Amino acid sequence: MAESSSATRRPPLWTLPAAMAGCLGLGMLSGILSGSGDTPWYRALVKGSLTPPNWAFPVAWTILYLLMGAAAWRVWRRGDRPGAGLALGLFALQLALNLAWSPVFFGLESVTLGAVVIVPVLLAAAATMIAFRRVDPAAAAMLAPYVLWLAYATAVAWQIWRLNG
């Protein structure tokens, strides 16, 4: 009987909810540590017509982080395919940039840095989605709402910057 190498073994199914919970947990931790949310500083900002209501953020981000975790898991389980390592490296990069945004915007209370930092988050997420598509098209499709939300969030951040400088 031939032994399967670790590169071709599929992770057990229980690792899917763990990956999803990991992404969600990191996102929540970033928000908690940065004091994001309904703060006096954020309430005092002039917000434009693009800014969604406060209740939309936790709903959207919960769904997006769960989808991100599931997408990364799908690529991870196809680790033997060409490009999987690069795709997961890009995922880690975009996640780190994503998690840095809340401390920059809310923690430092900087609309300028928030508007600047969100651009590489969007670019890294788009690159990740492209890399995921080469490994697992379904994983890339799971990242599409995230990339769209980031494009929208970039417009919101720039509008807030324009109104508050």
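Okay, so let's go over this structure. (Residues numbered from 1 in each chain as written. Predicted model: local features only at pLDDT ≥ 70, side-chain atom pairs only at ≥ 80, totals over all residues. Heavy atoms only, no water.)

What to know about the overall build of the protein chain
In terms of regular secondary structure, the protein chain is built from six helices and zero strands. Along the protein chain, from the amino end to the carboxyl end, the secondary structure elements read α-α-α-α-α-α. The C-alpha extent of the protein chain, read off along each of the three principal axes, is 65 × 25 × 20 Å. Residue burial in the protein chain is summarised as follows: out of 165 residues, 42% are buried. Counting contacts in the protein chain only where the partners sit at least 6 residues apart, residues at least 24 apart contribute 81% of the total. (Helix = DSSP H or I, 4+ residues; strand = E, 2+ residues; numbered from the N terminus. Buried < 20%, exposed > 50% of the residue type's maximum accessible area, 1.4 Å probe, protein only. Contact = heavy atoms within 4.5 Å.)

Considerations on the packing of helix H1 (residues 15-34) against helix H4 (residues 84-107)
Following both chains from N to C, one finds H1 and H4 inclined at 20 degrees, their axes separated by 8 Å at the closest point. With respect to their mutual orientation, H1 and H4 come out roughly parallel. Between H1 and H4 lies a crossing whose hand is right-handed. In contact with Cys 23, Leu 26, Gly 27, Ser 30 and Ser 34 of H1, H4 contributes Phe 91, Leu 95, Leu 99, Ser 102, Pro 103, Phe 106 and Gly 107. A class-by-class count of the residues in the contact of H1 with H4 yields seven nonpolar, five polar and no charged. (Axes fitted to C-alpha atoms, helices over the stretch in contact; angles between N-to-C directions. Parallel < 35°, antiparallel > 145°, perpendicular 65-115°, else oblique. Left-handed = near helix turned anticlockwise from the far one by under 90°. Nonpolar A, V, L, I, M, F, W, Y, C, P; charged D, E, K, R; others polar.)

Here we look at helix H6 (residues 137-164)
Helical geometry note: an α-helix holds 3.6 residues per turn, so side chains three or four residues apart project in the same direction. Taking 1.5 Å per residue, 28 residues should reach 40 Å; H6 reaches 40 Å between its end C-alpha atoms and fits that length. Residue Leu 143 marks the point of greatest curvature in H6, where the axis turns by about 30 degrees; the proline Pro 145 follows within four residues. Just past H6, the residue Gly 165 takes up positive phi, approximately 45 degrees. (Expected span 1.5 Å × (residues − 1). Bend = angle between axes of the 7 residues up to and from the residue.)

Comments concerning the environment of Leu 143
Mapped onto the secondary structure, Leu 143 falls in helix H6. Classification of Leu 143 by relative accessible area gives buried; the value is 1%. Each C-alpha atom of the pair Leu 143 and Ala 126 lies 8.6 Å from the other, and the pair is 17 residues apart in sequence. With near-sequence residues (within four places) excluded, Leu 143 lies in contact with Met 68, Ala 71, Thr 128, Met 129 and Phe 132.

Quick word on the side chain of Ser 110
Mapped onto the secondary structure, Ser 110 falls in the loop between H4 and helix H5 (111-135). Excluding its chain neighbours within four sequence positions, the residues that come into contact with Ser 110 are Trp 41, Val 104 and Phe 105.

Describing the nonpolar core
Counting residues in each nonpolar core, the largest one holds 43 residues, and the members touching the most others are Tyr 65, Met 68, Phe 105, Phe 132 and Tyr 146. Looking at this core, the elements that each hand over two or more residues are H1, helix H2 (40-44), helix H3 (56-76), H4, H5 and H6. Looking at which element gives the most residues to this core, the answer is H6, with 11 residues. (Core = buried A, V, L, I, M, F, W, Y, C linked by side-chain atoms within 4.5 Å.)

A few points about the environment of Ala 140
Position of Ala 140 among the secondary structure elements: in helix H6. Distance in space between the C-alpha atoms of Ala 140 and Leu 24 is 18 Å, their sequence separation being 116 residues. In contact with Ala 140, other than residues within four places in its own chain, are Met 129, Phe 132 and Arg 133.

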